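Report on the structure
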Amino acid sequence: MARTTATGRNRAQHGGGAPRQPRRQRTFGDLLRAFGAFLALLVLVVAVPAALLVYIGSPFPHHFDSEVLQQPITSETFVNTLAVLVWVAWAQFTACVLVEAKAAVSGVGMPTRVPGSGPSQLLARQLIAALLLIGVSTAGLVPGLAQLGQQHSMESQARPGVAATAQATPGQQTTHQTAVQHQTGTGGSSAQGGGQSTQQATKFYRINPPEGRHHDSLWEIAQRHLGDGRRYKEIYQLNKDRVQPDGSQLSQASLIRPGWVLEMPADAHGGDLVEMPVAAPHTAPDILHYAQHGGAKDTAAEGAHAAHQTPAGEQGGSGGTGGSGGGTHQGAAAGASEVVTGMSASHGFDLSDALIGAPLLAAGLLAALGRRRRTALWQSLSAGALRTPRTPTGAEADVADALRIGADQDAVDFLDRALRSLSARLDADGRKLPVVYAAWLTDDALHLQLAWPDGEPPAPWHTGQDETFWQLERAALVDDVDSSAAAPYPGLAVLGTLDSARLLLNLEAVPGIVALSGAAPDREAILGSVAAELATNGWSDRMTVTLVGFAQDLTALAPARVRHIATVAEAVELMAAETRQRVGALRTAGQDSVLTGRTGRAQHTQWAPHLVLLAAEPTPEEAERLAELAADSGRLGIGYLIGSSRNDLPGAAWELEITPAGRLLAPLLGLDMKAQLLPKAQYESVLRLFAEAGGDDPGPDAPPFLVDLSDQGRPGVYARPLGPFEVVGIDAPDRERSDLLHEALALLLLHREGVHPRVLASALWPRGVTEDVRDALIGRLREWLGTDPDGGERLTIDTTGRIVLSTSVVSDWDVLQTLHHEATEGRAAGDPVARRRLLTDALSLARGRLFEDRAPGRYAWLGHEIVDAQHPVLVAEIALALSSLHLDANKPKAAVAAIETGMAISPDDERLWLAYLRAANATGDAGRLEAAASALFARAAESGPGRGMPPRVEALLDELMPTWRGSIAN
């Protein structure tokens, strides 16, 4: 039967709630032990060699030849021999002290074993442990990169430290837990008889929050409760990979967090232990959940855990699961539908989890893809024929869907504005930018890890876990913050995630090479991800990304940023020249690093970063040369990421390893995280998607969705998105559901090829939604659209699993494209009268911009659609063609009216301005021409201060109305 200690009873009787125990304070005995250990180390490490040098001197002969061996053995020889042995013993012990101290400070676990020094190393370990007991723990001495991965969730764990014992519920232990208990002898057993069950007590300990600079560690927990710090491995094995109250897992012995609940070996003891029954009303919720569920994930949350981590500041206390607004389900929701967000399961569709799970990379690629499609659109106009953008199919369609699902443009905007505003504020205060090694981005904060303390950060930034961390909450970044400064840290690139925190390594600030080892395909997946993100990210300005030995050309992603080099030898020669140039430029400018040239009036393109990614294996000579070049690269704005099969690459400041399981390891930095990858198949699909978008693919252009314009093709549902959104042919939906249904229909109307359910979910609910809510919307949309007279449903699911509208659901955008196609490429292309009639009908549909009455905050997905750029261009094309036909028919006033209609939709199209002036001049009415010129001049003035008429428009005005500069411009 479980019991409560006196302390626990007293606590329960006075205030209820979870029993709280005071943290263990340093006693006078601890002080004495630490002082004794210090004296012992001082004597053994310092006094012994000093005494040997003073009283014996060097025991070694000043010179050595054959005569030394022939000299007689004297008492001095005997003393010198003993001195040599003492020196050897001292060296061995000192090595043990250094090894033990390094392991304790870095917190990487058990130290390296010094050969032949068992007793000496044990003594050194005990002395170091006693000495550190009075100071900070090993986790707090040297903050590594991994600490920030912990810190973002530590801030919400305000509960005090509690050690507890509870009964394990039979049948709820995981397989891993049972195996570990069998090995360590701590497993519980159960037997049923007469409806009764017996259970073996299982002990739990909750990690203490930090106290001052002291952080709890597995070593100290083992020392206090098991009597030997070296037994920390038993605690680690009992709890490895088990889900903690905050949803994360223990994956490395040195990475523990306040608020975590650890199962303890059966013989754990200590005065601060509190034993509580699982069902006790005052049991701490996290311990209760952990004891009842054995650390296992809830059924419903299993599929969603990787998809969406509830921000640490929003986590509930009951097991740390759940939350509102798109968080994970509560344990009681086992069996309910999963969370449908950027990283949820694929539902059997072949979507790229790599891209869905990389929101910053996906956002950059999606934005770059949109720019490439728009460029191709304008280039087709310059070539004299408007090109219809091709709809991706097959693997490219899957990649496009994955980009839409995964992209988190809000996170990109927050990161960009946060960094630029920091630079602007520091410049206003007359301060330089600090050197930043890395950044951690969470759902609600940005943490910068500085190379060294650099004073107090400017508001609204504040100091993080220590003086080397600056932190900014997302809610503290106001909308009108000054973000006009140049990008201060353009070399930041995502390497992976630790729980819900995303690590961005500042490649240009690393004092040397970042070496990446592992199997070749895994290295390529890391390098491909980093390269694609650097090429397209939204928090950089001007930069150069040099790719060496990459199998395929990424230039299409960002022609102004990316360049390819075939061999390492070429790269070495190129970078040697650039290194000399940058060193000389810094010397001439009187600056110590490129960071000082990125703020204020001193900013210069010379200080743009140059990041070199090597996928080709360097020879030993090339590796040595690269190490020399990288030795001073940190202050020059040059960064090197080199993939190699070697694990001893020269000049490697940071060594990373990618495992076949997709884990990115950096033991010296205390990192073990899920790597951000872009595997070869998705990498190639991304490149093909960009090739198609840019017109590089020689395949034929696909015609738009064409509708039947005859009476027999009368639609069952007619939607009008060109202007205020209207739907004709069916009853209006319930008012409270109208906006969502209209937006869902809008997305489907613009994608006649079909929309993946997850794309629909991510478009309508960017912050996440449960599958049952999404499916309920689809059901309501199907019911609202109804069926055709023949009984066929107007909304169906095709063989690829995408939602498709039937051809009986038509929009005015479909009709406009069909009319333009028939007038320019169809049967009416050679008949001016028929063309004029079709183009007139098409232009009459241009009532306004797409979804003109959309509510604020909705239709954000429209910014990624090419139709947003295609619509005004197509309307302008129709207006120009119709105006030309009217002028040929000697109807200049009709030509002017056509151009005015086009300008209402595409007001900045210079082609329309030129046609407007020509049509007005063709009327022969000087007043109409002057009114047209005045309207264009006023429109140019509205576009911005100091901006006048386009040069070609001015030249035409000079020809048609020579006095315009005196009469209109003034």
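Residues numbered from 1 in each chain as written. Predicted model: local features only at pLDDT ≥ 70, side-chain atom pairs only at ≥ 80, totals over all residues. Heavy atoms only, no water.

Along its length, the protein chain carries 31 helices and 27 strands. Out of the 970 residues belonging to the protein chain, those deemed buried represent 50%. A fraction of 71% describes how many contacts in the protein chain between residues 6 or more apart in sequence connect residues 24 or more apart. Total accessible area computed for the protein chain in this model is approximately 43,000 Å², and 54% of it derives from carbon and sulfur atoms. (Helix = DSSP H or I, 4+ residues; strand = E, 2+ residues; numbered from the N terminus. Buried < 20%, exposed > 50% of the residue type's maximum accessible area, 1.4 Å probe, protein only. Contact = heavy atoms within 4.5 Å. Areas by Shrake-Rupley, 256 points an atom, 1.4 Å probe, with all protein chains shown as cover.)

Next up on the list: the environment of Gly639. Relative to the helices and strands, Gly639 resides in strand E18 (residues 638–643). Taking the C-alpha atoms as reference, Gly639 lies 8.5 Å from Asn506; in sequence the two are 133 residues apart. Residue contacts for Gly639: discarding those within four places in its chain leaves Leu507, Glu508, His610, Leu611 and Val612.

All right, on to the packing of aromatic side chains then. For the structure shown, the criterion picks out 5 aromatic pairs. Arranged with centres 5.6 Å apart and planes meeting at 85°, the rings of Trp87 and Trp90 form a pair that is edge-to-face. Of the two residues, Trp87 and Trp90 both sit in helix H4 (residues 75–106), 3 residues apart, roughly one turn of that helix. Owing to a relative accessible area of 18%, Trp87 belongs among the buried residues under this scheme. The partly exposed category is assigned to Trp90, whose relative accessible area is 22%. For the pair Tyr859 and Trp861, a centre-to-centre distance of 5.7 Å together with 35° between the ring planes defines the contact as tilted. (Phe/Tyr/Trp six-rings, centres within 6.5 Å; stacked < 30°, edge-to-face > 60°.)

What follows concerns the sheet that holds strand E22 (residues 717–720). Reading across the sheet, the 3 strands line up as E23-E22-E27 and stay open at both edges, with mixed pairing between neighbours. Whereas interior strands pair on both sides, the edge strands pair on one side only; in this sheet they are strand E23 (726–728) and strand E27 (809–811). Averaged over all pairs of adjacent strands, the angle between their axes in this sheet comes to 20°, without regard to strand direction. Of the strands in this sheet, E22, E23 and E27 are in contact with helix H21 (residues 735–749), which crosses E27 at around 85°. (Pairing = 2+ DSSP bridges. Axes fitted to C-alpha atoms, helices over the stretch in contact; angles between N-to-C directions.)

What follows is about the pairing of strand E13 (residues 501–506). For E13, the buried fraction is high: 6 of the 6 residues fall into the buried class. Both faces of E13 are covered, namely the face carrying Ala501, Leu503 and Leu505 and the face carrying Arg502, Leu504 and Asn506. Bridge count for strand E8 (residues 436–441) against E13 is 4 bridges, and the pairing is antiparallel. In the sheet register, Trp440 faces E13, and the bridge partner there is Leu503. Relative to E13, strand E12 (residues 492–498) runs antiparallel, the two being bridged by 6 bridges. Bridged to Leu492 within E13 is Asn506.

The pLDDT averaged across the protein chain works out to 77; a share of 73% of its residues lies at or above 70. In this model residues 1–25 is a low-confidence stretch, pLDDT under 50, and it forms 41 contacts with partners more than four residues away in sequence or in other chains. Note that residues 601–605 has pLDDT below 50 and, in this model, 9 contacts with residues that lie over four places away or in other chains. (pLDDT = per-residue confidence, 0-100.)

We now examine the pattern of salt bridges. Tallied over the entire structure, the rule returns 24 salt bridges. For Arg858, the salt bridge is made with Glu743, and the minimal N-O distance between the two is 2.6 Å. With Arg858 in the loop between helix H25 (832–844) and helix H26 (867–888) and Glu743 in helix H21, this residue pair connects regions lying 115 residues apart in the sequence. The partly exposed category is assigned to Arg858, whose relative accessible area is 26%. Looking at Glu743, the relative accessible area reads 2%, which means it is buried. A salt bridge links Arg774 to Asp775; the nearest nitrogen and oxygen atoms lie 3.0 Å apart. According to the relative accessible area criterion, Asp775 is partly exposed, its value standing at 34%. One salt-bridge network, in which partners are shared between bridges, spans Asp398, Asp401, Arg404 and Arg802. (Salt bridge = Lys/Arg side-chain N within 4 Å of Asp/Glu carboxyl O.)

The linkage connecting Ala459 with the following residue, Pro460, adopts the cis geometry, with an omega of 5°. Structurally, Pro460 can be placed in the loop between strand E9 (445–450) and strand E10 (462–463). Backbone geometry places Tyr859, a non-glycine residue, at a positive phi of 60°. Assignment of secondary structure puts Tyr859 in the loop between H25 and H26.

Moving on: a nonpolar patch on the surface. Side chains of Phe35, Phe38, Leu39, Leu42 and Val46 sit close together on the surface and give an oily, nonpolar patch of about 450 Å² of accessible area. Within the secondary structure, Leu39 sits in helix H2 (residues 28–56). Its relative accessible area of 37% is what places Leu39 among the partly exposed residues. (Patch = residues over 30% accessible without salt bridge, like charges linked within 9 Å, V, L, I, M, F, W, Y side chains within 5 Å.)

With their axes 11 Å apart at the nearest point, helix H24 (residues 812–824) and H26 run at an angle of 45° to one another. Classified by the angle their axes make, H24 and H26 are oblique. The handedness of the crossing between H24 and H26 is left-handed. Contacts between H24 and H26 pair Trp813, Leu816, Gln817 and His820 from the former with Val867, Gln870, His871, Leu874, Val875, Glu877 and Ile878 from the latter. (Parallel < 35°, antiparallel > 145°, perpendicular 65-115°, else oblique. Left-handed = near helix turned anticlockwise from the far one by under 90°.)

Relative to the elements of secondary structure, Glu508 occurs in the loop between E13 and strand E14 (513–518). By relative accessible area, Glu508 is classed as buried at 3%. Spatially, the C-alpha atom of Glu508 lies 4.0 Å from that of Gly639, the residues being 131 residues apart in sequence.

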